[in-house]
Amino acid sequence: MNPRAVAQRILAGDLAEIPGSSASFRCGWLRHPNDLPSLIHELEALLQPRHSRTVLLGMGGSAAGAGMLLETNRVETVEIVDTSFADVIQRETFSDVNVVASSKSGGTVETVCALAYALDRGLDPRDLTIVTDEGSSLHELGRSLNSAVVLGDRTTGGRFSALSVFGLVPAVLAGLSVRQLEEWPISPEVWCDAFERGYESVMSFNEIPTATLRDDPLTSWAALWEEQLIAESTGKNGRGVIPISGRRNSGESIQETHARVVGMCVSLGVDPFDQPDVERSKRMTFDILRDNHQLDVNRETESAAETVDFVNSHSAPIALEVFGRPEPRLTAALSSARDRLQSQGRTVVAGFGPRYLHSTGQLFKGGPEQISLVQMVVPPESERVRIPGRSYSFHDLMDAQWRGDRRAMIDLKRNVRSIECASADDLIALLSQLG
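This one's a predicted model, so the numbers in the text were calculated from it and none came from an experiment.

**What to know about helix 7 (residues 165–173)**
Within helix 7, 9 of the 9 residues are buried, which leaves it mostly tucked inside the rest of the structure. Listed as buried for helix 7 are Val165, Phe166, Gly167, Leu168, Val169, Pro170, Ala171, Val172 and Leu173. Immediately downstream of helix 7, the backbone of Gly175 shows phi near 95 degrees, a positive value.

Put into structure tokens, the structure is as follows:
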């Protein structure tokens, strides 16, 4: 296959050589740069924030793209809540703040639960902006509250939506302008160069391909966005590219990154736009919540000594994922453990749950079977409060999410280990023993 010729055909509208069946209705992102100026002006006219501070409730592509744009422009007035961890949500103040609830499907459990809590704890519907696709349950809720509703592009999947309303609404609320946000369309030659780089980068590996990120996804939204784009797009059918934390000087535009990742997917022969195993994990989570089913913890979880021994003696690629609050101390300990293991020549991914369920989780379940997952769970310190309109708390939700993902991994015959730590201090002590 001639990758440059394939890239040229894609730009000309011939999507036949993109694997899978979803390309015909998932390539709206190709036109986003051309639409940017008019879209930003429309949003500026629609959105009239009453406060200087904004909170974004979103997960995966509904959070990372916006975070990347805000980080690039050094905006510090927007807080992104992409978690179900009780300590984060229940300590948030939802009065006198602009709130964006962002979910393409309108059913993202973390987002709709956080929004229900916010509305119960002082959020004025006049300060709420909902970003979703037309006809979703969030669309209907926004209309019933008379809140601002911004509808997404149905022809673009979440992780390719940074230059659509999902990335732009929080940025416009923060006061960023067309000049700051506009990304000019790149030339066909540059687009084809990026596609070809992605295609050939996969071909250059004899074993599992890896890609070095522009930064550390534990601390950088730009790297987190790139990590999701690579992992969730490529990780399926037993294939995938593992994104590795790095310090890469990248002048690559959003469009170039999109093109490079699609090139990777064409090379691997996988559909860039679906995420079948992410949906599997969600189903398992809801099964546990619905049935109030508690799995046998004694048979499910490892001891600290067993976890340390497994990680330190395991030579295959490994993912370290923490279900807890991404506070600076814990983030630093996780980053240090990952870096020590990488310095030994290991391939290691590290992140936080439930965030990873919308990102690298697809790679862990659908990608190369050699990848092992280690879940490390820290209980919330805040009180257990029932989420308005639901029979469960945020404590229950997070518990169901890690158990559900573990069950999905086991059903797919993937290697998964789990440990419940009594506190963040205990987990930090464990992490210090890795590597």
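So that's the structure; there's more coming.
**Examining the sheet that holds strand 10 (residues 372–377)**
Each strand in a sheet pairs with another by means of backbone hydrogen bonds, the pair being arranged parallel or else antiparallel. The 4 strands are arranged 9-8-10-11 in an open sheet whose pairing can be described as parallel. In the strand order of this sheet, the two ends are held by strand 9 (348–353) and strand 11 (416–420), each with one partner. On average, adjacent strands in this sheet sit at an angle of 15 degrees to one another, irrespective of strand direction. Relative to strand 10, strand 8 (residues 318–323) runs parallel, the two sharing 6 bridges. Bridge pairing in strand 10 links Val322 to Met376. Against the sheet, helix 14 (residues 304–313) engages strand 8, strand 10 and strand 11, with an angle of about 150 degrees to strand 10. Helix 17 (residues 394–411) rests against strand 8, strand 10 and strand 11 of the sheet, and its axis sits at about 155 degrees to strand 11.

**Considering the packing of aromatic side chains**
A complete count under the given rule lists 8 aromatic pairs for this structure. Consider the rings of Phe323 and Tyr356, whose centres lie 5.6 Å apart with planes at 80 degrees: the pair is edge-to-face. Linking Phe323 in strand 8 with Tyr356 in the loop between strand 9 and helix 16 (361–366), this pair joins segments that are 33 residues apart in sequence. Grouping residues by exposure puts Phe323 and Tyr356 together as buried. Here the aromatic cluster, defined as three or more aromatic residues joined through ring pairs, consists of Trp29, Phe160 and Phe273. It is Arg417 that lies over the ring of Phe310; its NZ or CZ is 4.1 Å from the centre.

Reading guide: rules and limits
Residues numbered from 1 in each chain as written. Predicted model: local features only at pLDDT ≥ 70, side-chain atom pairs only at ≥ 80, totals over all residues. Heavy atoms only, no water. Buried < 20%, exposed > 50% of the residue type's maximum accessible area, 1.4 Å probe, protein only. Helix = DSSP H or I, 4+ residues; strand = E, 2+ residues; numbered from the N terminus. Pairing = 2+ DSSP bridges. Axes fitted to C-alpha atoms, helices over the stretch in contact; angles between N-to-C directions. Contact = heavy atoms within 4.5 Å. Phe/Tyr/Trp six-rings, centres within 6.5 Å; stacked < 30°, edge-to-face > 60°. Lys NZ or Arg CZ within 6 Å of the ring centre and 35° of its normal.

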